[in-house]
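Secondary and tertiary structure notes
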Amino acid sequence: MFKIEQFFGAGGVYPKRWWNFAQADILMDKDINRILLEEGLPQVPSSLFNAANIKYILTESDAPQRKNFKLVYDDDIKIYENKTVLPRAYMSFSKIDASGIEDSRRIFYQNPEFNENLHVVVENASAFPIEDKNNSGKAEVLITHYQEDKVKLTVSNNKKGILVLTDSFYPGWKVFVDGKESPIYPVNIMFKGVIVDAGEHTITFIYRPAWFVPTILITISSVLLCLFLICFEKTKAKWVIRV
């Protein structure tokens, strides 16, 4: 759909974290390599839709009976609104530490104590304790700028916590808190998170892969070399004519 983001997309190559988060073992037909959204939908836990900021579900058949799904359109297709969806960006003040992607998935989907509305699963961030088990902190989060390679937010929070941006965690992204670079942690298997102290902050996520600067330098060098060769050829031609 034009300018409407789709979590499951239209096929193609998906990152490993997407497969682990999206319950691909339920939704994927490996024989024909396509997503079986209609058939697999009843088996997908609500935590996936909530944590991934999936607010609307479009389907040609009836969605599974869930308290958080409300039918808002019923014609050639059915549109359900997810009433318990989490925001695109939000602060969490209660985290559960995971040692890696598999441990994160186990906690997210199999730990009965985990509630995506109260906690986040964070990998490799045990050195930063966040102890508010009731997630009672307060925060205002506003996305002020959004494009494919840069996201800017303002945050006002009364406690130390973790800012979650429900965009894919992927190599090459950097985050700056008030202009200072900070680590990005994988949150809830496939999303981005950054530790934020209490106060008012400006957070900027920028996509700058390792090859970005060398590519720019090579491009500039190539342009300069071409200009040099053009000027050299013109100078050579004039010299030949004079002789």
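Now for the sheet that holds strand 9 (residues 139–147). If you walk across this open sheet you meet the five strands as 9-10-16-12-13, and the pairing is antiparallel. A strand with exactly one partner marks an edge of an open sheet, and here the two such strands are strand 9 and strand 13 (180–182). Put simply, the sheet's adjacent strands are angled 25° from each other on average, direction ignored. Note that strand 12 (residues 173–177) and strand 16 (residues 199–207) share five bridges and pair antiparallel. When the bridges of strand 16 are listed, Val175 appears paired with Phe205.

With that settled, the discussion passes to unusual backbone geometry. A positive phi is found at Asn53, a non-glycine position, where the angle reads about 60°. Tracing the backbone through its elements, the reader meets Asn53 in the loop between helix 4 (46–51) and strand 3 (56–59). A positive phi is found at Asn188, a non-glycine position, where the angle reads about 50°. Relative to the elements of secondary structure, Asn188 occurs in the loop between strand 14 (185–187) and strand 15 (191–196). Given a relative accessible area of 0%, Asn188 falls into the buried group.

What counts, and at which threshold
- Residues numbered from 1 in each chain as written.
- Predicted model: local features only at pLDDT ≥ 70, side-chain atom pairs only at ≥ 80, totals over all residues.
- Heavy atoms only, no water.
- Pairing = 2+ DSSP bridges.
- Helix = DSSP H or I, 4+ residues; strand = E, 2+ residues; numbered from the N terminus.
- Axes fitted to C-alpha atoms, helices over the stretch in contact; angles between N-to-C directions.
- Buried < 20%, exposed > 50% of the residue type's maximum accessible area, 1.4 Å probe, protein only.

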